[in-house]
Amino acid sequence: MPLHYPFSAVVGSDDMALALLLNAVSPSAGGVLIRGEKGTAKSTMVRALAGILPQIEVVAGDRFSSAPTDRGTETPDGPIPHDAPTEHRPVRLVELPIGATEDRIAGSLHLEKALSEGVTAFEPGLLARAHRGLLYVDEVNLLHDHVVDQLLDAAAMGRVTVERDGVSVEHAARFVLIGTMNPEEGELRPQLLDRFGLTVEVSAPREAALRAEVIRRRVAFDSDPEGFSATFAADELTLRERIAAARERVGGIELTDWALTTIATVCAGFDVDGMRADIVTARTAAAHAAWEGRTRITRADIRVAARMALPHRRRRAPFDAPGLDEDLLDRLLGDDDEPDPRDDGPDTDGPGDDTKNDDDNAGDATTGQQDPGASASAEDTGHAGHAESDAGDTEGTESGAAEDGPTSESNGGADSETDADADASDETGAPQQGDRDAGENGRPGAAAAEPGTVTAASDPYRTRLLTVAGTGHGVSGRRSRAITSTGRRTGSAGFTGSDVHLPATIRAAASHQAARGRESGADGGRLLLSARDLRSAVREGREANLVLFCVDASGSMAARTRMEQVKTAILSLLLDAYRRRDKVGLVTFRGSGAQVALPPTSSVDVAAARLAELPAGGRTPLAEGLLTAAQLLRVEGVRDPQRRPLVVVVTDGRATHGPDALARSRAAAAGLASHGVASVVVDCESGRFRMGLASELATHLGAEHIPLGEVTAEGLTRTVRTHTAPTHTAPARTAAGGPARPSPAHPEGEVA
């Protein structure tokens, strides 16, 4: 078995170490989610944690790691004898692979016994193996939501119930759930974030000396793992003994009225939803007090607990950054600890003893690593503080942007006056006379922005659902029809290892019964099956797509109200993509060319940040934008061939850069359409006099043409009501005057 890097040898990750240790002391803290950039020792420290945990006593030969106190109770394998022998073994670290299925996680029917012996037997899953141990999920944000829900439910309830494939069992599953993730690869939904007890943010150290020490230790471990581990053996033993002592102490920690009131004040002061935050904070504060060797909860314990239990619960919307205002935390906590009621004289224990105890425990820090408890208790500017600072900056920007001007449809008139002259701004980048006049008339929302300036989006809204036509085979999501691992059963196929289609299996075996020696008649015996008879269910559900935004940021879009509306529409579509588990990409074009502002990613937060920074102004290189999008799709098709793309072109249809700009843009559109790429054109043109260029572009793309005002669910409702009104019937035609044509992208009558 390969040696893992020692826990006590990791430097520069005190918050992460403390969160893991507190969960080791008290698993009721609810697990920990570790968020951080790549290369920050997340996986290294999690795998090292198992090496410092005290061994556990289990019933010998029991597949469910039952404790000696469980003798006489029932397990799926039957009752445990009262005199069953026990044994000691190390705590297991069970790693959950990204592609694990539900039956592999929770357990399912033992197929071999069912086929060979004709009996129903239960095959335990990973949750049973993790009982009384650690369950580690790397890149937890990449798991399917239903799998994450299953894990979090089991962690919260401490039990697993399996009702599938003719199996009905229930067994204990108490474990410490640890998840790691890189936020750049996508976020967890706020509802799932809330189910993790604690969360910490980690980043690589910026101090040169600390980085040099990390390199020195890693090189030493790689060259001589056994010798390096022996160097830290004493520190590992010290941590193991301290965990055992804290576990003995945590049950006796007193939760006084002062402690409960202070915890409730802090949670209410940060306006977190529900009561889970209060409960987790109380449990974590008790674990920290036990870790520090105290018998009472102090202000420092509550502060440490709040820094880990609250930041991710303050995130209300998908684009909100987690964080915590530590100045507000200190004000809510106050300055003093609870006075000890036993402090009646100089000979009794008092706060002074707690201080001494803190000092003594600070001396227990392991070699090469500052004591995580002492560090977190004293530290006033941790990672959460930096995250809150960033969040505060973002909130300030958004609140200021909301005052830029009105975004309602009442501004359409001002835009109408500027649209006719918009091409002139492509040439000069200067505001139009109509825009200046509108501004002088007291309508700042209609004024054109200065060239290269950035306009902020308004609050996002619900959008209509855009889908890709046909049936795909991509990863499970919530957008387009596809053959997936979840959904309604539509047929059967060869056995894939799970999700047995019983009727199809029986039908496949029926034609071979005579050849296998089964006698005819009512008493012919049981059905004779073989492995090749097995069939898996084919299910149709929804898939996630690649939504590639191709955004016109030229001068013709630079009128402030229009760009604000465009960014709001894109932000709303990004939010829809987040909810439907899509990957997103962003191509922008302005001036003399196009650029990939964001390669395809699962992190819509990053896409929203890039959108917020998008300037506007200059000519309109529409052809270059479409060609850049086509090249990006070709590369992504090689990387992820099963994920079908949906291109959302946001433009007014103008093309003003280079010779034959309009003709080149139409040729680029036809080339994109020839590859069968589903696309949608969001038409940003407004005003009384419209050129219909975006509608013509949609025709060449074979795309659905959607006016900007109909991106919203309410806009779709208005459109449907208009088309279903009791008026004369006429053939459907596009805005350009041609007959409507089917599109590979279908806006459905469904909202996000």
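Everything here concerns the structure above.
**Student:** Is there a simple way to explain the overall build of the protein chain in this structure?
**Tutor:** A tally of helices and strands in the protein chain yields 27 helices and 26 strands. Residue burial in the protein chain is summarised as follows: out of 752 residues, 50% are buried. If you take every contact in the protein chain between residues at least 6 apart in sequence, the share linking residues at least 24 apart comes to 79%. Counting only carbon and sulfur atoms, one obtains 52% of the accessible surface of the protein chain, whose full area is about 33,600 Å².

**Student:** Honestly, unusual backbone geometry in this entry has me stumped. Any pointers?
**Tutor:** Phi is positive for Arg132, which is not a glycine, with a value near 70°. Tracing the chain through its elements places Arg132 in the loop between helix H5 (126-129) and strand E9 (134-138). Positive phi outside glycine occurs at Asp271, with the angle close to 55°. Its place among the elements puts Asp271 in the loop between helix H11 (257-269) and helix H12 (276-291).

**Student:** How should I be thinking about the sheet that holds strand E17 (residues 488-494) in this particular structure?
**Tutor:** In sheet architecture, strand pairing relies on hydrogen bonds along the backbone and comes in two forms, parallel and antiparallel. A sheet is described by the order of its strands in space; here three strands give the open sequence E16-E18-E17, paired in antiparallel fashion. Looking along the sheet, the strands with just one partner apiece sit at the ends: strand E16 (476-484) and E17. Going from strand to strand, the sheet's axes swing by 35° on average, the running direction of each strand aside.

**Student:** Help me understand the packing of helix H24 (residues 622-639) against helix H25 (residues 661-674), please; the structure alone is not making it clear to me.
**Tutor:** Between two packed helices, what matters for the description is the angle formed by their axes and the separation of those axes. The contact between H24 and H25 brings their axes to 8 Å, and the two run at 20°. Taken together, the axes of H24 and H25 are roughly parallel relative to one another. Regarding H24 and H25, the two cross each other, and that crossing is left-handed. Together, Leu622, Ala623, Glu624, Leu626, Leu627, Ala630 and Leu633 of H24 and Arg664, Ser665, Arg666, Ala668, Ala669 and Leu672 of H25 make up the contact between the two elements. When its residues are assigned to classes, the contact of H24 with H25 shows nine nonpolar, one polar and three charged.

**Student:** I would appreciate a short explanation of the environment of Val137 in the present structure.
**Tutor:** Mapping Val137 onto the fold places it in strand E9. Val137 sits 41 residues away from Ile178 along the chain, and the two C-alpha atoms are 6.3 Å apart. Look past the residues within four positions of Val137 in its chain and what remains in contact with it is Leu96, Leu143, Leu151, Leu177, Ile178, Gly179 and Thr180.

**Student:** Where do I start with the pattern of salt bridges in this structure?
**Tutor:** Two side chains that carry opposite charge are able to pair once their charged atoms sit near each other. Tallied over the entire structure, the rule returns 33 salt bridges. Between Arg299 and Asp330 there is a salt bridge whose closest N-O contact spans 3.7 Å. Here the residue Arg299 occupies a position in helix H13 (residues 299-309), and Asp330 occupies one in helix H14 (residues 326-333), the gap between them amounting to 31 residues. Residue Arg479 pairs with Asp582 through a salt bridge whose shortest N-O separation is 2.6 Å. Taken together, the residues Arg479 in strand E16 and Asp582 in the loop between helix H22 (560-579) and strand E20 (583-590) connect sequence positions 103 residues apart.

**Student:** Could you clarify how one ought to interpret the sheet that holds E9 in this entry?
**Tutor:** In space, the five strands of this open sheet follow the order E6-E9-E12-E1-E13, with parallel pairing throughout. In the strand order of this sheet, the two ends are held by strand E6 (93-95) and strand E13 (198-202), each with one partner. On average, each strand axis in the sheet is tilted by 20° relative to the strand beside it, whichever way the strands run. Sheet topology places strand E1 (residues 32-36) next to strand E12 (residues 176-181); four bridges connect them, and they run parallel.

**Student:** Whenever I open this one, the nonpolar core confuses me. Can you help?
**Tutor:** Most often, soluble globular proteins keep nonpolar side chains buried together rather than apart. The biggest cluster of nonpolar side chains holds 66 residues, and the ones touching the most others in it are Phe7, Leu20, Ile34, Ile178, Trp291 and Leu310. In this structure, Ala577, Val604, Val648 and Ile706 belong to the second largest nonpolar core, which totals 37 residues.

**Student:** I'm lost on the packing of helix H10 (residues 233-250) against H12 in this one. Help?
**Tutor:** The geometry of H10 relative to H12 is characterised by a closest axis approach of 8 Å and an angle of 125° between their N-to-C directions. One element, H10, and the other, H12, form an angle in the oblique class. Where H10 crosses over H12, the two elements pack in a sense that is right-handed. Between H10, through Leu239, Arg242, Ile243, Ala246, Arg249 and Val250, and H12, the contact on the second element is made entirely by Ala286, Ala287, Ala290 and Trp291. Partitioning the contact of H10 with H12 into residue classes produces eight nonpolar, no polar and two charged.

**Student:** Would you mind showing me how to read helix H2 (residues 42-49) here?
**Tutor:** Structural remark: α-helix, 3.6 residues per turn; residues separated by three or four positions point the same way. Buried residues dominate H2, accounting for six of its eight residues. Those residues of H2 not exposed but buried are Lys42, Ser43, Met45, Val46, Ala48 and Leu49. Buried residues along H2 sit against helix H1 (14-25), E1, E6, E9, E12 and E13.

**Student:** How do you make sense of the packing of aromatic side chains when you look at a structure like this?
**Tutor:** What describes a pair of aromatic rings is the distance from one ring centre to the other and the angle between the planes of the rings. According to the stated counting rule, one finds four aromatic pairs in the structure shown. Ring centres of Tyr5 and Phe228 lie 5.3 Å apart, and the angle between their planes is 35°; this geometry places the pair in the tilted category. Note that Tyr5 is positioned in the segment before H1 and Phe228 in helix H9 (residues 225-231), a separation of 223 residues in sequence. An identical accessibility class is assigned to Tyr5 and Phe228; each is buried. Ring geometry for Phe221 and Phe228: centres 5.8 Å apart, planes at 75°, overall edge-to-face. Grouped by ring-pair contacts, the aromatic residues Tyr5, Phe221, Phe228 and Phe232 constitute a single cluster. We note Arg242 situated over the ring of Trp291; from NZ or CZ to the ring centre the distance is 4.0 Å. Across the ring face of Tyr578, the terminal group of Arg581 is positioned such that the distance to the ring centre comes to 6.0 Å.

**Student:** Mind showing me how you'd approach the side chain of Thr601 here?
**Tutor:** Tracing the chain through its elements places Thr601 in strand E21 (residues 593-601). According to the relative accessible area criterion, Thr601 is buried, its value standing at 12%. Only 3.1 Å separates the side chain of Thr601 from the backbone nitrogen of Ser603, close enough to count as a polar contact. Not counting residues within four places of it along the chain, the set of residues in contact with Thr601 comprises Glu184, Lys583 and Val584.

The rules behind the values
- Residues numbered from 1 in each chain as written.
- Predicted model: local features only at pLDDT ≥ 70, side-chain atom pairs only at ≥ 80, totals over all residues.
- Heavy atoms only, no water.
- Helix = DSSP H or I, 4+ residues; strand = E, 2+ residues; numbered from the N terminus.
- Buried < 20%, exposed > 50% of the residue type's maximum accessible area, 1.4 Å probe, protein only.
- Contact = heavy atoms within 4.5 Å.
- Areas by Shrake-Rupley, 256 points an atom, 1.4 Å probe, with all protein chains shown as cover.
- Pairing = 2+ DSSP bridges.
- Axes fitted to C-alpha atoms, helices over the stretch in contact; angles between N-to-C directions.
- Parallel < 35°, antiparallel > 145°, perpendicular 65-115°, else oblique.
- Left-handed = near helix turned anticlockwise from the far one by under 90°.
- Nonpolar A, V, L, I, M, F, W, Y, C, P; charged D, E, K, R; others polar.
- Salt bridge = Lys/Arg side-chain N within 4 Å of Asp/Glu carboxyl O.
- Core = buried A, V, L, I, M, F, W, Y, C linked by side-chain atoms within 4.5 Å.
- Phe/Tyr/Trp six-rings, centres within 6.5 Å; stacked < 30°, edge-to-face > 60°.
- Lys NZ or Arg CZ within 6 Å of the ring centre and 35° of its normal.
- Polar contact = N/O pair within 3.5 Å; in protein donor to acceptor, adjacent residues only side chain to side chain.

Read these as geometric descriptors, not functional statements.
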